[in-house]
Amino acid sequence: PVPKVGEAEDLFDRVLFTKIFREDSLLFSVQRYIGDNLGQQFTEIPPLNIEEVYKDSNKSTPVIFILSTGADPTGMLQRFAVTKDRIPGERLHIISLGQGQGPIAEMRI
């Protein structure tokens, strides 16, 4: 017999049931499974330390942000740039890729 969703034997069963019946909740189910089995540190996003990122960059290794929906580091980046004498628009260039922006980004790099 197939167990009810609330009676799943283990968390992986719950993940499978979620995938089948409530795919909109799958991300939360997978995060819970990973957190319970591997530890919460694998589900938490560490805060970005822009100072450390900057130390690792140079003229051959630019900082490139790949963003997820809703993430916008522009304000943080501009505030940090001012502390390094990188005036937005003069010594700091922010380019959102897409719609023909690739060649412009290549030129700036």
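Residues numbered from 1 in each chain as written. Predicted model: local features only at pLDDT ≥ 70, side-chain atom pairs only at ≥ 80, totals over all residues. Heavy atoms only, no water.

Draft legend 1. Structural detail: the overall build of the protein. Counting its regular elements, the protein contains five helices and zero strands. Mapped in sequence order, the helices and strands of the protein form the string α-α-α-α-α. Here the C-alpha coordinates of the protein stretch approximately 65 × 30 × 25 Å along the principal axes. The proportion of buried residues among the 109 residues of the protein is 14%. Sequence-distant contacts in the protein: of pairs separated by 6 or more residues, those separated by 24 or more amount to 17%. As displayed, the protein has an accessible area near 9100 Å², and 56% of this comes from carbon and sulfur atoms. Computing the positive centroid from 12 side-chain charges and the negative centroid from 15, the protein places the two 7 Å apart. (Helix = DSSP H or I, 4+ residues; strand = E, 2+ residues; numbered from the N terminus. Buried < 20%, exposed > 50% of the residue type's maximum accessible area, 1.4 Å probe, protein only. Contact = heavy atoms within 4.5 Å. Areas by Shrake-Rupley, 256 points an atom, 1.4 Å probe, with all protein chains shown as cover. Lys, Arg positive; Asp, Glu negative; His and termini not counted. Charge placed at Lys NZ, Arg CZ, Asp CG, Glu CD.)

Draft legend 2. Broad picture of the side chain of Ser 29. Relative to the helices and strands, Ser 29 resides in helix 2 (residues 26-38). Setting aside chain neighbours within four positions, we find Ser 29 in contact with Arg 14, Val 15 and Thr 18.

Draft legend 3. Looking closely at the packing of helix 1 (residues 11-21) against helix 2. Packing of helix 1 against helix 2 leaves a shortest axis separation of 9 Å and a crossing angle of 170°. Relative to helix 2, the element helix 1 is oriented roughly antiparallel. For the pair formed by helix 1 and helix 2, the contact residues are Leu 11, Phe 12, Arg 14, Val 15, Thr 18 and Lys 19 on the first element and Leu 26, Ser 29, Val 30, Arg 32, Tyr 33 and Asp 36 on the second. Class assignment for the residues of the contact of helix 1 with helix 2 results in six nonpolar, two polar and four charged. (Axes fitted to C-alpha atoms, helices over the stretch in contact; angles between N-to-C directions. Parallel < 35°, antiparallel > 145°, perpendicular 65-115°, else oblique. Nonpolar A, V, L, I, M, F, W, Y, C, P; charged D, E, K, R; others polar.)

Draft legend 4. Looking closely at a nonpolar patch on the surface. Taken together, the side chains of Ile 64, Ile 66 and Ile 109 make up a nonpolar region of the molecular surface, amounting to roughly 400 Å² of accessible area. Mapped onto the elements of the fold, Ile 66 is located in the loop between helix 3 (50-55) and helix 4 (74-83). (Patch = residues over 30% accessible without salt bridge, like charges linked within 9 Å, V, L, I, M, F, W, Y side chains within 5 Å. Salt bridge = Lys/Arg side-chain N within 4 Å of Asp/Glu carboxyl O.)

Draft legend 5. Molecular detail of the nonpolar core. Of all hydrophobic cores here, the largest spans five residues; its members are Ile 50, Leu 77, Phe 80, Ala 81 and Leu 92. Here this core gets three residues from one element, more than from any other, and that element is helix 4. When sequence neighbours within four positions are dropped, the list of residues in contact with Ala 81 reads Arg 86 and Leu 92. (Core = buried A, V, L, I, M, F, W, Y, C linked by side-chain atoms within 4.5 Å.)

Draft legend 6. Examining unusual backbone geometry more closely. In this structure, Asp 85 takes a positive phi of about 60° despite not being glycine. You can see Asp 85 is positioned in the loop between helix 4 and helix 5 (102-108).

Draft legend 7. Representation of the pattern of salt bridges. Under the criterion given, the structure shown has five salt bridges. Of the charged contacts in the structure, one is a salt bridge between Glu 23 and Lys 19, with a shortest N-O distance of 2.9 Å. The closest approach of N and O atoms between Arg 32 and Asp 36, which form a salt bridge, is 3.7 Å. Taken together, the residues span about one helical turn, with Arg 32 and Asp 36 both in helix 2 at a distance of four residues.

Draft legend 8. The packing of aromatic side chains, seen in detail. Tallying each qualifying case throughout the model produces three aromatic pairs. With a centroid separation of 6.2 Å and 15° between ring planes, the pair formed by Phe 17 and Phe 21 is classed as stacked. Pair noted here: Phe 17 and Phe 21 are both in helix 1, with a separation of four residues, about one helical turn. In this structure Phe 17 comes out as buried when scored by relative accessible area, which is 13%. (Phe/Tyr/Trp six-rings, centres within 6.5 Å; stacked < 30°, edge-to-face > 60°.)

Geometry only, nothing functional implied.
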